[in-house]
Each structure stands twice: as C-alpha cells, then as structure tokens.
Amino acid sequence: EAAVTQSPRNKVAVTGGKVTLSCNQTNNHNNMYWYRQDTGHGLRLIHYSYGAGSTEKGDIPDGYKASRPSQENFSLILELATPSQTSVYFCASGGTGVQDTQYFGPGTRLLVL
Amino acid sequence: SQLAEENPWALSVHEGESVTVNCSYKTSITALQWYRQKSGEGPAQLILIRSNEREKRNGRLRATLDTSSQSSSLSITATRCEDTAVYFCATVDSGGSNYKLTFGKGTLLTVTP
C-alpha cells in the first residue's frame, strides 16, 4: 500500500510568519505534488516535482515555494503567511506514467491568523 | 474557468440504491480518473479510464467515457453508508509531459441507512 505522510497535521500560524509543511513518501515515486483544497474550489495544484532537486510551478504558485531535497521528501514553504492561505493542504506522490495513480497524504489543516 | 466539473454538486440516496455522478471536461485528455475523498482523509483513486476506452468496471463501480461529448460518468450500484464521500473526476491532459491532474470541485454523495 502506498504511503504518504504529512506533518504537521494541524498548524496555526500568524500573518507574516514562515510556515513549512512537510511530506514524506515511501513509494519510491519520482513525482510529488502539493495541492490546496478550499470549499468551492476543489483541489488546486500549487507545486510539483519530478525528482530530487526539481520543483515546478503548478496552477496557483504565488506565495508558495517548494523544496525537494530527496526522493522521499517534498516541502511546501510559505515565507510570509497570509490569512488567504488558510486551507487544507494535501501532498501526493505518483509514478512518471501519464496514467499513473496519485497517492495522497492525510492533509494538513493550516490556519493563518 | 473550471476545466473539469462534476454534477450534481450533491446527491443523497438510501443504502442499496444505485447512483450516478457525471463529469464534463473541456480539454483533450489522455485519461480520466475518478477519486473518492472521505471526510478527514485525502482523495483515493477509484478508477482510471483511458481515452480509447468507453467503459471500465471496478467491483460495484462503473465508469464511462465519451470523448466526443467530453463527458464521463461514475455509477455505484448497491450503495453502502461507507460510500458517503466527495467524488471527483480528474483529467490527465494530453499533449504535455507534466502528468498533472486537473480536478473538478466534486460531488458530495450521502448514503443513508
């Protein structure tokens, strides 16, 4: 069974503060993804990666950075958090095939005050 | 604008009944995936149907794809309370190497005893 874990599961941050969300996968997948999910918007892609050292912009990258230091780990960084970034964030991993499944983590609930 | 969209936005059925969720999309696709997301969890793939396939089954689930009308459906027979979840369609766009999924906003299915 594919395994994607995220930490923390819940986070409260202050406006202007730095937030780092972490994701770890044990599937040995090359591709990893960060999404945010908001009511009325479904899942939206923020950043993704094809492998260690690579990051690519998704559909809504503004205000976010990503880091892929290893095959297993993919982080999402909010350098200056804003209340509009309050959301649930999901990490996923997947193979390189165009029809491969994406395996999602349990999500991180972020509240920016 | 939304590239993939499910309808209706919510459904409620009694246990044992059948139900169908529809999806319309706006791009040329390589494949379409259906995901289910239970409360408090990340999405999980149910079915992948390729652009050259018209129907795919997985147990009580049946997905159809009509590329001419750019639409898909997911049917669930003999529904159970544990089928209560949000159901998403996600398109895999053709012509690119990014292997990104574009999710719709989802249909909330509630199955009552």
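Residues numbered from 1 in each chain as written. Chains lettered and ligands numbered in written order. Predicted model: local features only at pLDDT ≥ 70, side-chain atom pairs only at ≥ 80, totals over all residues. Heavy atoms only, no water.

A. A look at the overall build of chain B. Secondary structure summary: chain B contains 0 helices and 11 strands in total. For a compact globule of 113 residues, the expected C-alpha radius of gyration is about 13 Å, and chain B comes in at 14 Å, within 12% of that figure. Here chain B holds 113 residues, and 43% of them are scored as buried. Pairs at least 24 apart in sequence give 55% of the contacts found in chain B among residues at least 6 apart. (Helix = DSSP H or I, 4+ residues; strand = E, 2+ residues; numbered from the N terminus. Rg over C-alpha atoms; globule rule 2.2 N^0.38 Å. Buried < 20%, exposed > 50% of the residue type's maximum accessible area, 1.4 Å probe, protein only. Contact = heavy atoms within 4.5 Å.)

B. Structural view of the state of the cysteines. Throughout the structure, instances matching the rule amount to 2 disulfides over all chains. Cys 23 of chain A shares a disulfide with Cys 91 of chain A; S-S distance 1.9 Å. Between Cys 23 of chain A and Cys 91 of chain A the disulfide shows an S-S torsion of about -75°. By sign, it is left-handed. Of the two residues, Cys 23 of chain A sits in strand β3 (residues 19-25) while Cys 91 of chain A sits in strand β9 (residues 87-94), which places them 68 residues apart along the sequence. Of the two residues examined, Cys 23 of chain A and Cys 91 of chain A, each falls in the buried class. The disulfide partner of Cys 23 of chain B is Cys 89 of chain B, and the S-S distance across this bridge is 2.0 Å. (Disulfide = S-S within 2.5 Å.)

C. Region of the structure containing the nonpolar core. Counting residues in each nonpolar core, the largest one holds 22 residues, and the members touching the most others are Leu 32, Trp 34, Leu 74, Tyr 87 and Leu 109 of chain B. Elements that contribute at least two residues to this core include exactly β3 (19-25), β4 (29-37), β5 (44-50), β7 (61-66), β8 (71-76), β9 (85-93) and β11 (107-112) of chain B. In terms of residues, this core owes the most to one element, β3 of chain B, which gives 4 residues. Counting residues in hydrophobic clusters, the runner-up holds 18 residues, among them Val 4, Tyr 89, Cys 91 and Val 112 of chain A. (Core = buried A, V, L, I, M, F, W, Y, C linked by side-chain atoms within 4.5 Å.)

D. Geometry of the interface of chain A and chain B. Across the boundary between the two partners, chain A contributes 24 residues, which contact 22 residues of chain B. In total, about 1,800 Å² of surface goes out of reach between chain A and chain B, with carbon and sulfur atoms giving 52% of it. Taken together, chain A and chain B are joined by 0 salt bridges. Counting every contact that joins chain A to chain B gives 3 residue pairs in polar contact (both at pLDDT 80 or more). (Buried area = accessible area lost by both parts, 1.4 Å probe. Salt bridge = Lys/Arg side-chain N within 4 Å of Asp/Glu carboxyl O. Polar contact = N/O pair within 3.5 Å; in protein donor to acceptor, adjacent residues only side chain to side chain.)

E. Local environment of the packing of aromatic side chains. Summed over the entire model, instances satisfying the criterion amount to 11 aromatic pairs over all chains. Ring centres of Tyr 35 of chain A and Phe 103 of chain B lie 5.6 Å apart, and the angle between their planes is 90°; on these two criteria the pair is classed as edge-to-face. Pair noted here: Tyr 35 of chain A is in strand β4 (residues 31-38) and Phe 103 of chain B is in strand β10 (residues 101-103), and the two residues belong to different chains. Taking the relative accessible area as the measure of exposure, Tyr 35 of chain A reaches 1% and is therefore buried. Three or more aromatic residues joined by ring pairs make a cluster, and in this case those are Tyr 33, Tyr 35, Tyr 48, Tyr 50 and Phe 104 of chain A together with Tyr 35, Phe 88 and Phe 103 of chain B. (Phe/Tyr/Trp six-rings, centres within 6.5 Å; stacked < 30°, edge-to-face > 60°.)

Taken by themselves, the reported measurements are silent on function.
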